[in-house]
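# Survey of secondary and tertiary structure
Take a look at the letters that make up each chain.
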Amino acid sequence: MNSADLEHRRLSEASASPSGPAWSDVCGLEDLAVLDTEFTDHALALDLDEKWPVRWTTMWKFGRTPVASPVRDLGRLDIGRSAPVRRFTWRTDQFHRPGLEYLMATDRHHGFESHEEESLLLVCDFAASLVEALSQPFRLRFFAGGKAILHTPDFLLVTECGLFLIDVRPAGRIKADDALKFAAAAEAALSAGWRYGVVVGWRRHVLTNVDALSAERRPLPDVLGIQGQLLEETAQGPLPYGELVERCRIPAIARAHAIHLLWNRHLGVDLSVPFGDASQVRLASPQHHRELQR
């Protein structure tokens, strides 16, 4: 990781304010992210008469075909067939940093337009109970002060708990125009029965820890039965990570398998403090387990 990436991570976590542990085996996206709420004040500037769900529209792409639909019909669209409404492009002179992030939950790459969006995708792969993630899902056309305004939300997450519409903007960079667009997106999401959030940062240490766990997120064969040893040891009570792996037959291999079990929520660790040998690792409840792929 280069110095620019480290500085980005430090700034992303600088706005973190929640306190208390964030156990990896039970946390959700909203437990790890810092969400902005000040944009809600701008809802007063929106044109929300009784016909707004019809006058406000969304534009989606199905294949190469753009399809316009009133906000009223958001819940009726087959969003699984949709494509991003704008393409992800790369140039040597552009200010932002787009790219593709692979997600275990969907087994494919997803587009992002900045470091902040890339971080969101990684954390969502770990904590959002993802079924699908749609980048740049639709373009919203809404009205405020009698004027039509356009906004493209960053992601629409399909999760086991429902749909979650998300915008990503670092803390301190939300201008009045942005807040107005976020307020409009929140109204549209609410009308469809979706959740909505603006992610402005992360709890301290979350990005570093989730990145560390992601190193072993792919299938990991367990021909030596190391994972069974790790689960048996933690069944007696939480243990420091360093001590836990030393109790296994081959500690060096146990380290990789312990991290694999942490990613898949068979074990849990507090993500709000730096991960290391002193970190307390506990056995997770079966209801939180992900299926292990080997």
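Everything here concerns the structure above.
Everything quoted here is computed from the prediction, not taken from an experiment.

Time to look at the overall build of the protein chain. Check the secondary structure of the protein chain and you find nine helices and 15 strands. Here the C-alpha radius of gyration of the protein chain, 21 Å, is about what a compact globule of 294 residues would show, namely 19 Å. Of all 294 residues assigned to the protein chain, the portion counted as buried reaches 50%. Total accessible area computed for the protein chain in this model is approximately 14,500 Å², and 51% of it derives from carbon and sulfur atoms. Once the 33 positive and 39 negative side-chain charges of the protein chain are each reduced to a mean point, those two points are 6 Å apart.

It is the contact of helix α7 (residues 226–234) with helix α9 (residues 251–263), at a shortest axis distance of 9 Å, that shows an interaxial angle of 70 degrees. Overall, the two elements α7 and α9 adopt an arrangement that is roughly perpendicular. Relative to α9, the crossing made by α7 is right-handed. Of the residues in α9, those touching α7 at I226, Q227, L230 and L231 are I253, A254, H257, A258, H260 and L261. When the residues that make up the contact of α7 with α9 are grouped by side-chain class, the tally is seven nonpolar, three polar and no charged.

Using the criterion set out here, one finds eight aromatic pairs in the structure. Ring centres of Y241 and F275 lie 4.8 Å apart, and the angle between their planes is 50 degrees; this geometry places the pair in the tilted category. Of this pair, Y241 sits in helix α8 (residues 241–246) while F275 sits in the loop between β14 (267–269) and β15 (280–283); the two residues are 34 residues apart in sequence, bridging distant segments of the chain. Grouping aromatic residues by their ring pairs yields a cluster made of F39, F182 and Y196. The ring of F143 carries R55 above its face, with NZ or CZ at 5.0 Å from the centroid. Note that R282 overlies the ring of W23, its terminal NZ or CZ placed 4.1 Å from the centroid.

Burial analysis of strand β7 (residues 130–135) places five of its six residues in the buried class, which makes it a mostly covered element. Taken together, the five bridges between β7 and strand β10 (residues 155–159) define a ladder with antiparallel strand orientation. Note on β10: the bridge partner recorded for S135 is F155.

Looking now at the pattern of salt bridges. Under the counting rule described, the total for this entry stands at 14 salt bridges. One salt bridge in this structure joins D73 and R76, with 3.1 Å as the shortest N-O distance. We classify D73 as buried; its relative accessible area is 14%. Judged by relative accessible area, R76 falls into the exposed class, the value being 66%. The shortest N-O distance in the salt bridge between E113 and R86 comes to 3.2 Å. You can see E113 sitting in the loop between β6 (108–112) and α4 (115–127) and its partner R86 sitting in the loop between β4 (82–83) and β5 (99–103), a full 27 residues away along the chain. Bridged by salt links that share partners, the residues R72, D73 and R76 form one connected network.

Before going further, it helps to examine the pairing of β6. Here β5 runs beside β6; their pairing, made up of five bridges, is antiparallel. Note that in β6 the partner of E101 across the bridge is H110. Linking two consecutive strands that pair antiparallel, namely β5 and β6, is a turn of four residues; a positive phi of about 60 degrees is found at D107 within it.

A surface patch of nonpolar side chains, about 340 Å² in accessible area, is lined by V223, L224, I250 and I253. Relative to the elements of secondary structure, V223 occurs in the loop between α6 (206–214) and α7.

Take the environment of V273 next. Considering the arrangement of structural elements, one finds V273 in the loop between β14 and β15. Taking C-alpha positions, V273 is 5.9 Å from H205, a pair spaced 68 residues apart along the chain. Contact partners of V273, with chain neighbours within four places excluded, come to H205 and N209.

It is worth spelling out the side chain of E101 at this point. Relative to the helices and strands, E101 is located in strand β5. A relative accessible area of 10% means that E101 is categorised as buried. Ignoring anything within four residues of it in the chain, the contact list for E101 reads R108, H109, H110, F112, E118, L121, L122 and R217.

Let us look at the sheet that holds strand β13 (residues 239–240). Overall, antiparallel pairing links the three strands, which are arranged β13-β15-β14 in an open sheet. In the strand order of this sheet, the two ends are held by β13 and β14, each with one partner. By the bridge criterion, two bridges tie β13 to β15 in an arrangement that is antiparallel. Among the inter-strand pairings, L239 is bridged to a residue of β15, identified as V281.

Calculation notes
Numbering of residues begins from 1 in every chain and follows the order in which that chain's sequence is written. Confidence filtering applies because this is a predicted model: local features only for residues at pLDDT of at least 70, side-chain atom pairs given and counted only at 80 or more, and all residues used for totals across whole chains, interfaces and linings. Side-chain measures here rest on the full set of heavy atoms in the structure, leaving out hydrogens and waters. The numbering of helices and of strands both runs from the N terminus, where a helix is a DSSP run of H or I of at least 4 residues and a strand a run of E of at least 2. What the globule rule says is 2.2 Å times the number of residues to the power 0.38, and the radius of gyration is computed from C-alpha atoms. For the exposure calls, accessible area comes from a 1.4 Å probe over protein chains only, and a residue counts as buried if that area is under 20% of its type's maximum, exposed if over 50%, partly exposed in between. Only the protein chains shown count as cover for residues, and all accessible areas are computed by the Shrake-Rupley method using a 1.4 Å probe. By the counting rule applied here, Lys and Arg register as positive and Asp and Glu as negative, while His and the ends of each chain are not counted. To locate a charge, the coordinates of NZ of Lys, CZ of Arg, CG of Asp or CD of Glu are taken. Here an angle of 0 to 180 degrees is reported between the N-to-C directions of two axes, which are lines fitted to C-alpha atoms, with helices fitted over the stretch in contact. For classification, angles of less than 35 degrees are called roughly parallel, those exceeding 145 degrees roughly antiparallel, those between 65 and 115 degrees roughly perpendicular, and all remaining angles oblique. Definitions for this section: a left-handed crossing has its near helix turned counterclockwise from the far helix by less than a right angle. A right-handed crossing has that turn clockwise. Working rule for contacts: check all heavy atoms of both residues, and any pair within 4.5 Å makes them a contact. Residues are grouped as follows: Ala, Val, Leu, Ile, Met, Phe, Trp, Tyr, Cys and Pro are nonpolar; Asp, Glu, Lys and Arg are charged; every other residue, Gly included, is polar. Pairing of aromatic rings covers Phe, Tyr and Trp, the last counted by its six-membered ring, and requires centre-to-centre distances within 6.5 Å; plane angles under 30 degrees mean stacked, over 60 mean edge-to-face, and any other angle means tilted. Working rule: Lys NZ or Arg CZ, within 6 Å of ring centre, within 35 degrees of ring normal, means a charge sits over the ring. DSSP bridges decide pairing: two strands pair if at least two such bridges lie between them. Salt bridges are identified by distance alone: a Lys or Arg side-chain nitrogen within 4 Å of an Asp or Glu carboxyl oxygen. Put simply, a patch holds well-exposed residues, over 30% relative accessible area, that have no salt bridge, with like charges counted together within 9 Å and Val, Leu, Ile, Met, Phe, Trp or Tyr side chains within 5 Å.

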